[in-house]
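Structural characterization, general
One-letter residues, chain by chain:
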Amino acid sequence: MQVELRKVTKRFGSVLALRNVSLVVPSGQKVALVGPNGSGKSTLIRAIMGMVAVEGEVLLNGRAPFHDPLRLANQIAYVPQNPPSLSASTSELVHTVSLLRGLKESAVQVIASSLNLNLGEVWNRPVRELSGGTKEKLMVALAVAAKPSLLILDEPTASLDTASRLRFFELFEQFTVDVTVILCSHRFEEVRQLARRVVVLEAGQIAWEGEASDFLDGQALVAMGVQGVEDSQERLPTGPTASATACKDLGCEV
Amino acid sequence: MSIRLSKSLQAVVQFDFAEVMRSRWLVFSSGLYALLAALFVLVGLRQSTVLGFTGMGRVLLSLCHVLLLLLPLVALAACGQVINRARDDGTFEFLFSQPITRSDYFLAVSLVRFAVLVLPLVALFALLAFLGWTIFGQEISWVFLGRSVVICASLLWAFVGFGLAISVSVRNQAKAIMYLLVIWVTGVVLLDFALIGLMLVWRLNPQTIFILASLNPVEAARMALLSSADPTLAALGPVGFYLVNRLGTGVLFALGATWPAAAGSIAWIWGRRQFIQNDLV
């Protein structure tokens, strides 16, 4: 699914969360949105999903989302940074999503087990009582099982341990071959593993965009004039290390 | 398209009904109605004739009178936090990334909450009538029973609409509770005697008082219920008595049955529009 934003602006009262953002994500491309807290990443993905009203245009496959919201929503899956604190049980959640998307519950279970999550063990437990990692795995399993055309991930591995994170990266490789992916992340590792292109947001504007490899080499940071990058690159000639140091200025975790 | 719509509605109905069952609203509202009914049965059947009704008929009338004050509070409590709480706890961010339209969600939640409030009431009225017939050998007043159900359902819908409108428009949950209480207190306080008090203290025009009385869904429902049972000054109070004489019991019943539902529908339509047009999170 192609995602296009044309001069998108979003105000929350006097706060300008997005300023004239224009962006095209071609079908099948994997893009990471990077930026410090409050830079507009979450607002941007909420605008794409039609959760907030914006000035400008958001087009999915060339059409406004409200043109046929159910059909479009069926092609979009989302893994939120903070899974919902639902009193519903895991089984209810899986049942509801399966009903809405026409999925087989067993498909969700298969994906979950590939993430080392035995759904049977948490089947009757309220979602809000699950650990952060288990909730995250459940969200990922529901999203991947939906076989979306557009997958939106907000810090998808933040609560996962190392082994689960590696399994997630494997699963991602396997299931997102032709899928458009928009990733919000502060994690260097996630950007390296999941994205081919990076868009850096600062104060609601696109500050830099380019290849993920260039970003990881620190070119984005140099181009943006992030303090200390030039110095650190001089001291540390290897690009990734230099960018890793300076990337923290963008709120990234290395 | 229609299949998807019904699927979306069905999924939210199931999801919200399970939520309501977990939060024990159904148990609470059923328990409350049953408790009141038991109290009135115990007390009412032993006492002498009041308002021309005897036995189970009087029990129903007294019960309805109390319910008119209580139902708005129960409805507001059941609906007044449903939207803003879901917005705060991340439910919306997840749920609306699924193929669900906002209009389906709003409709489903409204239907579930209304059904959970009104069905136990209907069951209770039916049970009381059945008990009166089998145990006490009393004839069932189907007309009064039907009128009571219609008026109570109309009043419940009014406050379901008000509650949802508050829940959509007031994001802060503490503030929302305050507004809900103000709405309930306004509805309950602006009854006959308080209105007369207002007229005397502020020297309001009687016409203003009659309009205020008619506009208050609780008072409109109360007048409709009592006028169909016993349209006397003692029962209705001065405002209600004036109106029943001016308008007639039929019109007063029609007003009590339709105005609360209409007011609730106006609030519901406004709330739905806000919910669809404004930011979800």
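These numbers come from a predicted model, not from an experiment.

**Description of the overall build of chain A**
Scanning chain A from N- to C-terminus turns up twelve helices and nine strands. Contacts in chain A between residues at least 24 apart in sequence constitute 67% of all its contacts with a sequence separation of at least 6. Carbon and sulfur atoms form 46% of the exposed surface of chain A, whose accessible area is close to 10600 Å².

**A word on the interface of chain B and chain A**
With 29 residues of chain B at the interface, the matching set in chain A holds 33 residues. Across the chain B to chain A interface the summed buried area is about 2700 Å²; carbon plus sulfur atoms make up 61%. Our count for the contact surface shared by chain B and chain A stands at three salt bridges. One salt bridge connects E92 of chain A with R22 of chain B, and the closest N-O pair in it is separated by 2.7 Å. Connecting chain B to chain A are 13 residue pairs in polar contact (both at pLDDT 80 or more). For the side of chain B that touches chain A, the secondary structure elements donating two or more residues are α1 (2-22) and α5 (91-95) of chain B. No other element matches the eleven residues that α1 of chain B contributes to the side of chain B that touches chain A.

**Topic: empty space enclosed by the protein**
One pass over the structure, following the stated rule, counts two cavities of 30 Å³ or more. Here the largest cavity defines a volume of roughly 40 Å³. Lining the largest cavity are A77, Y78, V97, R101, L142, A143 and A146 of chain A together with S97 and Q98 of chain B. Those elements that place two or more of their residues in the lining of the largest cavity are β5 (76-79), α3 (90-101) and α6 (132-145) of chain A. Its residues assigned to classes, the lining of the largest cavity comprises six nonpolar, two polar and one charged. The volume enclosed by the second largest cavity comes to roughly 30 Å³. Residue lining of the second largest cavity: V79, V140, A143, V144, L151, L153, F168, F172 and T176 of chain A, and that is the complete set. Counting only elements with at least two residues in the lining of the second largest cavity, the list comes to α6, β6 (150-154) and α7 (162-175) of chain A. For the lining of the second largest cavity, the per-class residue count stands at eight nonpolar, one polar and no charged.

**Thoughts on the confidence of the model for chain A**
Looking at chain A as a whole, its pLDDT mean stands at 85, while 85% of the residues score no less than 70. For residues 227-242 of chain A, every residue scores under 50 in pLDDT, and the model assigns this stretch 20 contacts once sequence neighbours within four places are set aside.

**Quick notes on the pattern of salt bridges**
Residues and elements named next belong to chain A. Summed over the entire model, instances satisfying the criterion amount to twelve salt bridges over all chains. With its nearest N and O atoms 3.0 Å apart, the salt bridge here joins R6 to E4. In this structure R6 comes out as partly exposed when scored by relative accessible area, which is 39%. Two residues, E209 and R197, come together in a salt bridge whose shortest N-O distance is 2.4 Å. Of the two residues, E209 is situated in strand β9 (residues 205-211) and R197 in strand β8 (residues 197-202); the sequence distance between them amounts to twelve residues. E209 sits in the partly exposed class, given a relative accessible area of 37%. Connected via shared salt-bridge partners are E4, R6 and E57.

Thresholds applied
Residues numbered from 1 in each chain as written. Chains lettered and ligands numbered in written order. Predicted model: local features only at pLDDT ≥ 70, side-chain atom pairs only at ≥ 80, totals over all residues. Heavy atoms only, no water. Helix = DSSP H or I, 4+ residues; strand = E, 2+ residues; numbered from the N terminus. Contact = heavy atoms within 4.5 Å. Areas by Shrake-Rupley, 256 points an atom, 1.4 Å probe, with all protein chains shown as cover. Buried area = accessible area lost by both parts, 1.4 Å probe. Salt bridge = Lys/Arg side-chain N within 4 Å of Asp/Glu carboxyl O. Polar contact = N/O pair within 3.5 Å; in protein donor to acceptor, adjacent residues only side chain to side chain. 1 Å grid on protein atoms, 1.4 Å probe; cavity = no way out; pocket = protein on both sides within 12 Å on 5 of 7 lines; lining within 4 Å. Points joined across faces, edges and corners; volume = space filled by probe spheres on them. Nonpolar A, V, L, I, M, F, W, Y, C, P; charged D, E, K, R; others polar. pLDDT = per-residue confidence, 0-100. Buried < 20%, exposed > 50% of the residue type's maximum accessible area, 1.4 Å probe, protein only.

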